[in-house]
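Coordinates in review
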Amino acid sequence: MPQDNSRTDLNPEFTADSVDIISRETVFKGFFTMVRLRLRHRLFRGGWSNEIERELFQRGEAVGVLLYDPVRDLLALTEQFRTGALGRPAGPWCLEVVAGMVEKGESLEDVAHREVLEESGCTVDDLHFIHSYIPSPGGSSERIHLYCALVDLEQAEGVFGLAEENEDIRLRVFPRQNVVDAMRGDYAPGENPIDNATTLISVQWLELNRKRFTHMTPPA
């Protein structure tokens, strides 16, 4: 009996060649860019869809970095004001991993090192790739690449960021277990202090992979 590969092959049936972009119009260009697309795409049942109109929030690639001190079992998260969180019951200051946009000509690793220095003052001892994902594929082109950086967090707290970019970033250091417990806490929607995807994914990755760092011992 022939094997059915449909349950083991995770690749989509269609590719980008199965989309026909009829028109593309920039409807807003400021800090972000919004375009309006008219398109049609192939259908699972055969043939093509009707022409549809969609707005696309255009944003490039970004890098997020979880700061972990394996010697002292500490995590560092940034705290800063976020416009998109104005309606958040706990308020618009969010705890997040270090993050920044990829500029033209930069490698992902270069961005990770740059952003860690700008937002924490730390230098990276070791960098581990976590995952790459699209946070909101229904309407945004942004892709985020996540890393875990091994750093010394013993004296790391402070206020960082570039004044010319209106950054006001407070770096906070926590025992790793406190962050994990907060993620598991019984909070009302919007009140959990750890409620953004980059941080949730990064800390969960660390919980699954932390044993590879447990051999590290405190300096003499």
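It should be noted that the structure appears before, not after, this text.
Below: a short report on this structure. Note that the structure is predicted; figures quoted are calculated from it, not measured.

Here the focus is the side chain of His145. With respect to the helices and strands, His145 occurs in strand β9 (residues 143-150). Since its relative accessible area comes to 7%, His145 is described here as buried. Among the polar contacts listed, one links the side chain of His145 to the side chain of Ser132, at a separation of 3.2 Å. For His145, the residues in contact, after removing those within four places along its chain, are Glu61, Ala62, Val63, Gly64, Leu108, His131 and Ser132.

Here we come to the pattern of salt bridges. Scanning all chains against the criterion turns up 19 salt bridges. For Arg170, the salt bridge goes to Glu79, with nearest N and O atoms at 3.5 Å. With Arg170 in strand β11 (residues 169-175) and Glu79 in strand β5 (residues 74-81), the pair connects residues that are 91 residues apart, well separated along the chain. Among the residues examined, Arg170 registers a relative accessible area of 43% and is labelled partly exposed. One continuous salt-bridge network, built from bridges that share partners, spans Glu25, Arg36, Arg38, Glu51, Glu53 and Glu55.

Definitions and limits used
- Residues numbered from 1 in each chain as written.
- Predicted model: local features only at pLDDT ≥ 70, side-chain atom pairs only at ≥ 80, totals over all residues.
- Heavy atoms only, no water.
- Helix = DSSP H or I, 4+ residues; strand = E, 2+ residues; numbered from the N terminus.
- Buried < 20%, exposed > 50% of the residue type's maximum accessible area, 1.4 Å probe, protein only.
- Polar contact = N/O pair within 3.5 Å; in protein donor to acceptor, adjacent residues only side chain to side chain.
- Contact = heavy atoms within 4.5 Å.
- Salt bridge = Lys/Arg side-chain N within 4 Å of Asp/Glu carboxyl O.

Read these as geometric descriptors, not functional statements.
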